[in-house]
Amino acid sequence: MTEQMENIRKRAGKCAEVIKSQKSVHVVSHIDADGLSSAGIICTALERAGIEYSTRFVKQLDETTLDKIADENPGLVIFTDLGSGMCEPMKARGIRAVVSDHHRPQGELEFPELHLNPHLFGANGSYELSGSGTTYILASALGKNRDLADLAIVGAVGDMQHLKMGQLTGINREILEEGVEAGVLRHKKDLTLFGKQTRPIFKLLQYSSDPYLPGLTGDEDACIEFLKERGVRFSKEERWRRWIELEAPEKQKLVSGLVQYCLHLGLPTYKIERLVGEVYELLKEREGTEMRDASEYATLLNATARYDHAEIGLAVCMGNREEAYEDARKLLAEHRQNLVNGLVYVKKEGVTELENIQYFNAGSEIKETIVGIIAGMSSTIVSNRNLPIIAFANTDGGIKVSARATQDLIRRGVNLSEAMEKISAEVGGAGGGHDIAAGATIPEGTRDEFTQKLDSFIGNQLKK
Ligand code: C5P
Ligand code: C5P
Ligand code: ZN
């Protein structure tokens, strides 16, 4: 065990002691894949420990939400995948809290003493440990919960923590190895395109956004033709096979066919290399289902929680493979359609370039809870990848901002979390997140001011 892991485990032990002394607790988590995996982990661990719990899922933890929580006088509250930016306001309201989060902490860190966050132990919360990984460590301190390592990896992949190095690193890797030992996880090098368990192969190509495959992405006929030319046949029932149904030599042939295709088009090597990477399989799950693949599982969860149906995703995380799973799959179909529509909208409306940022305004055309995902995906359709992409969408009583950067920009000094926190506060809003992906809510009517200020703030980050 690394020293970092040892220190986090020690703190987790303290948190677990306090939790174990409770008859019931209130769990508050975030409405995305990592937040749901976190909740799935802690709720399962609580159930196993015989502690009652209630749950609440929020878009972000703001003062209004904390007021509501404090009013309910819920006893001990466990915050997962959020909370590290709101420790002071929790204290001010007398909320007794355990915080298990990985967002960049803000303000006073001494409260609560029961604060579990990789940043407090010298680890990077953007790619070395997710909310669900942090919560897995907490669950391990509560009892025998090693089998939950699979959900920890789903959360990390949902937050795209594996993309930085092409594989999970840091404490995430230690958790992965624990899961492998426990027999619940397997990792291997494979095609990275989305949908290997559940989708016909041509769809993998058709919807490939990272890398974007010119001539294939978005063109069903071209994808089918591409596969036929390379000898990939229908199955006996005249049905397109899925990736997992191909024999190993067929897979190899197809991967090298894709690589050659990209080389021929002159795509840069770093993009072509992204076709193959480490992928994560959940061995307890049935083959051919979303849950078997960490990335597909994460998308299934996003399809529930981001549409006000966190309870469905939580039930799936806690093992329901019947009604909740069926409901989740229906939501997934709608989610996919919304992502496609969102991208089409961005392409049509275009993106405005300033000196140091680029932005688009989705108004009410894209739901604020998925505009961040679309901002991330749209990096493949914008002409300039060297500028952070900022998205605006309408939300109740304000404007939602989502920001996404690239590894290259981070290396050059960009930190979106810092930028969102500072500039949103300057216009009367609030925000935070990670260096590479952050968000904020700002008051109506402040968009232009915010955009100008952000452009020059990011300019200064790049100069340092
Ligand atoms: O709140 P939370 O930490 O769960 O959300 C992180 C967000 O950052 C996710 O939506 C994830 O997809 C995004 N992200 C990204 N690119 C990365 C890392 C994270 O878009 N390289
Ligand atoms: O909503 P979106 O996916 O763009 O969020 C990106 C990151 O910014 C997430 O980690 C989220 O928790 C964080 N965020 C925040 N405060 C907000 C909105 C988003 O800290 N008001
Ligand atoms: Zn997270």
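Relevant structure appears above.
Computed from a predicted model, the values in this text were never measured in an experiment. (Residues numbered from 1 in each chain as written. Chains lettered and ligands numbered in written order. Predicted model: local features only at pLDDT ≥ 70, side-chain atom pairs only at ≥ 80, totals over all residues. Heavy atoms only, no water.)

1. Brief notes about the overall build of the protein
The helix and strand tally for the protein stands at 18 helices and 13 strands. Here the C-alpha radius of gyration of the protein, 22 Å, is about what a compact globule of 464 residues would show, namely 23 Å. Dimensions along the principal axes, computed over C-alpha positions, put the protein at roughly 65 × 50 × 40 Å. When burial is assessed residue by residue, the protein has 55% of its 464 residues classed as buried. In the protein, 64% of the contacts between residues at least 6 apart in sequence involve partners at least 24 apart. Accessible surface, the protein as shown: approximately 19900 Å² in total, 47% of it carbon and sulfur. (Helix = DSSP H or I, 4+ residues; strand = E, 2+ residues; numbered from the N terminus. Rg over C-alpha atoms; globule rule 2.2 N^0.38 Å. Buried < 20%, exposed > 50% of the residue type's maximum accessible area, 1.4 Å probe, protein only. Contact = heavy atoms within 4.5 Å. Areas by Shrake-Rupley, 256 points an atom, 1.4 Å probe, with all protein chains shown as cover.)

2. Quick notes on the pattern of salt bridges
In this structure the tally under the stated criterion is 24 salt bridges. Note that Glu245 and Arg242 form a salt bridge whose closest N and O atoms lie 2.9 Å from each other. Look at Glu245 and you get partly exposed, because its relative accessible area is 24%. Here Arg242 falls in the partly exposed class, since its relative accessible area comes to 22%. Here the residues in one salt-bridge network are Arg186, Lys188, Glu281 and Arg292, joined through shared partners. (Salt bridge = Lys/Arg side-chain N within 4 Å of Asp/Glu carboxyl O.)

3. Notes on the packing of helix H2 (residues 33-48) against helix H13 (residues 310-317)
At their nearest, the axes of H2 and H13 sit 9 Å apart, and the two run at 55° to each other. On the basis of the axis angle, H2 is oblique to H13. The way H2 lies across H13 gives a crossing that is right-handed. Between H2 and H13, the residues in contact are Leu36, Ser37, Ala39 and Gly40 and Ala310, Gly313, Leu314 and Cys317, respectively. (Axes fitted to C-alpha atoms, helices over the stretch in contact; angles between N-to-C directions. Parallel < 35°, antiparallel > 145°, perpendicular 65-115°, else oblique. Left-handed = near helix turned anticlockwise from the far one by under 90°.)

4. Remarks on the sheet that holds strand E2 (residues 52-58)
Two pairing modes exist for strands in a sheet, parallel and antiparallel, and in both the strands are linked by backbone hydrogen bonds. With respect to topology, five strands assemble into an open sheet ordered E2-E1-E3-E4-E5, the strand pairing being parallel. For this open sheet the edge positions go to E2 and strand E5 (115-116), each flanked by a neighbour on one side alone. Each of strand E1 (24-30), E2 and strand E3 (77-80) touches H2; the most contacted strand, E1, lies at about 165° to it. Against the sheet, helix H3 (residues 63-72) makes contact with E1, E2 and E3, and its axis sits at roughly 160° relative to E2, the strand it touches most. (Pairing = 2+ DSSP bridges.)

5. Describing the site of ligand 1
As a structural note, the neighbourhood of ligand 1 is formed by 14 residues, with Asp32, His103, Asp159, His434 and Ala437 the closest of them. Within the contact set of ligand 1, an oxygen atom lies 3.3 Å away from a side-chain nitrogen or oxygen of His30. Take His103: an N or O atom from its side chain is 2.7 Å from an oxygen atom of ligand 1. Starting from 480 Å² of accessible surface for ligand 1 in isolation, the protein chains cover 87%. The residue makeup of the shell around ligand 1, split by class, is three nonpolar, five polar and six charged. (Near = heavy atom within 4 Å. Polar contact = N/O pair within 3.5 Å; in protein donor to acceptor, adjacent residues only side chain to side chain. Nonpolar A, V, L, I, M, F, W, Y, C, P; charged D, E, K, R; others polar.)

Nothing here speaks to function; it is geometry throughout.
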